[in-house]
Amino acid sequence: MKLTTLPCMLAMTMLCSTSAASEMVVIVSAKRPAMALSANQVTDIFLAQAERFPNGDNATPLDLALSSPLREQFYARVAAKSPVLLRAYWTKMVFTGRGLPPREMASSLAMRKLVAADPTMIGYIDSAVLDDSVQVVLTVAR
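Because the structure is a prediction, the values reported are computed rather than measured.

1. Section: the sheet that holds strand E4 (residues 121–126)
Pairing is mixed in the open sheet, where 5 strands are placed in the order E3-E2-E4-E1-E5. The sheet terminates laterally at strand E3 (103–105) and strand E5 (134–140), the two strands that pair on one side only. Across this sheet, the average inter-strand angle for adjacent strands is 35°, counted without regard to direction. By the bridge criterion, 2 bridges tie strand E2 (residues 60–64) to E4 in an arrangement that is parallel. Residue pairing across strands places Thr60 opposite Met121, the latter belonging to E4. Helix H3 (residues 69–79) contacts strand E1 (24–29), E2, E3, E4 and E5 of the sheet and is inclined by roughly 110° relative to E4.

Rendered as structure tokens:
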């Protein structure tokens, strides 16, 4: 191996390990009984198709701000919706009276704090801000 390729390989290894370490996770309060959700169950909750967790408890979804890249990634990966499709979806839901979009939070940290305090809430955050106040119910590949 050439000596000049070593720095490139090290840089790529660091990039790969950094992106792998930072995942997007769907969270609920640690006060809830342990559970896992499928991507379809999460989608149903976030798109107002389901108002409850599988065990029957109320589920209140929270979104990150519209300008958040994590929000765009979340809906693209979990619900297969682009920002344009999501906007059209919520316009129709609100107009027909079938649902309202989730309340928006300014950051992953703010979302984690609110979800931790309220067992009915569900949100998504960057795994870098995880702590033991919440539990992961779904890990989303970025």
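From this point, the narrative continues.
2. Some words on the nonpolar core
Core analysis: the biggest nonpolar cluster contains 36 residues, and Val26, Phe74 and Ile122 have the highest contact counts within it. Listed by contribution, the elements that provide at least two residues to this core are E1, helix H2 (39–46), E2, H3, helix H4 (83–95), helix H5 (108–117), E4 and E5. Those residues in contact with Phe74, other than ones at most four positions away along the chain, are Met24, Val26, Val42, Phe46, Ala79 and Tyr124.

3. Considerations on the pattern of salt bridges
Tallied over the full model, the rule gives 4 salt bridges. Overlapping salt bridges bring together Asp63, Arg71 and Glu104 as one network.

4. Let's talk about the packing of aromatic side chains
One pass over the full model with this rule turns up 6 aromatic pairs. Plain terms: the ring middles of Tyr75 and Tyr124 are 6.4 Å apart, the flat faces sit at 80° to each other, and that makes the pair edge-to-face. Residue Tyr75 is found in helix H3, and its partner Tyr124 is found in strand E4; the two are separated by 49 residues along the sequence. Looking at Tyr124, the relative accessible area reads 0%, which means it is buried. Feature note: the residues Phe46, Phe74, Tyr75 and Tyr124 constitute an aromatic cluster, connected by ring pairs.

5. Here we look at the pairing of E5
The buried fraction of E5 is high, at 5 of 7 residues. The sheet contact formed by E1 and E5 spans 6 bridges and is antiparallel. Note on E5: the bridge partner recorded for Val25 is Thr139.

6. Details of the side chain of Arg32
Topologically, Arg32 is positioned in the loop between E1 and H2. Of the polar contacts made by the side chain of Arg32, one reaches the backbone oxygen of Pro119; its length is 3.1 Å.

About the cut-offs
- Residues numbered from 1 in each chain as written.
- Predicted model: local features only at pLDDT ≥ 70, side-chain atom pairs only at ≥ 80, totals over all residues.
- Heavy atoms only, no water.
- Pairing = 2+ DSSP bridges.
- Helix = DSSP H or I, 4+ residues; strand = E, 2+ residues; numbered from the N terminus.
- Axes fitted to C-alpha atoms, helices over the stretch in contact; angles between N-to-C directions.
- Contact = heavy atoms within 4.5 Å.
- Core = buried A, V, L, I, M, F, W, Y, C linked by side-chain atoms within 4.5 Å.
- Buried < 20%, exposed > 50% of the residue type's maximum accessible area, 1.4 Å probe, protein only.
- Salt bridge = Lys/Arg side-chain N within 4 Å of Asp/Glu carboxyl O.
- Phe/Tyr/Trp six-rings, centres within 6.5 Å; stacked < 30°, edge-to-face > 60°.
- Polar contact = N/O pair within 3.5 Å; in protein donor to acceptor, adjacent residues only side chain to side chain.

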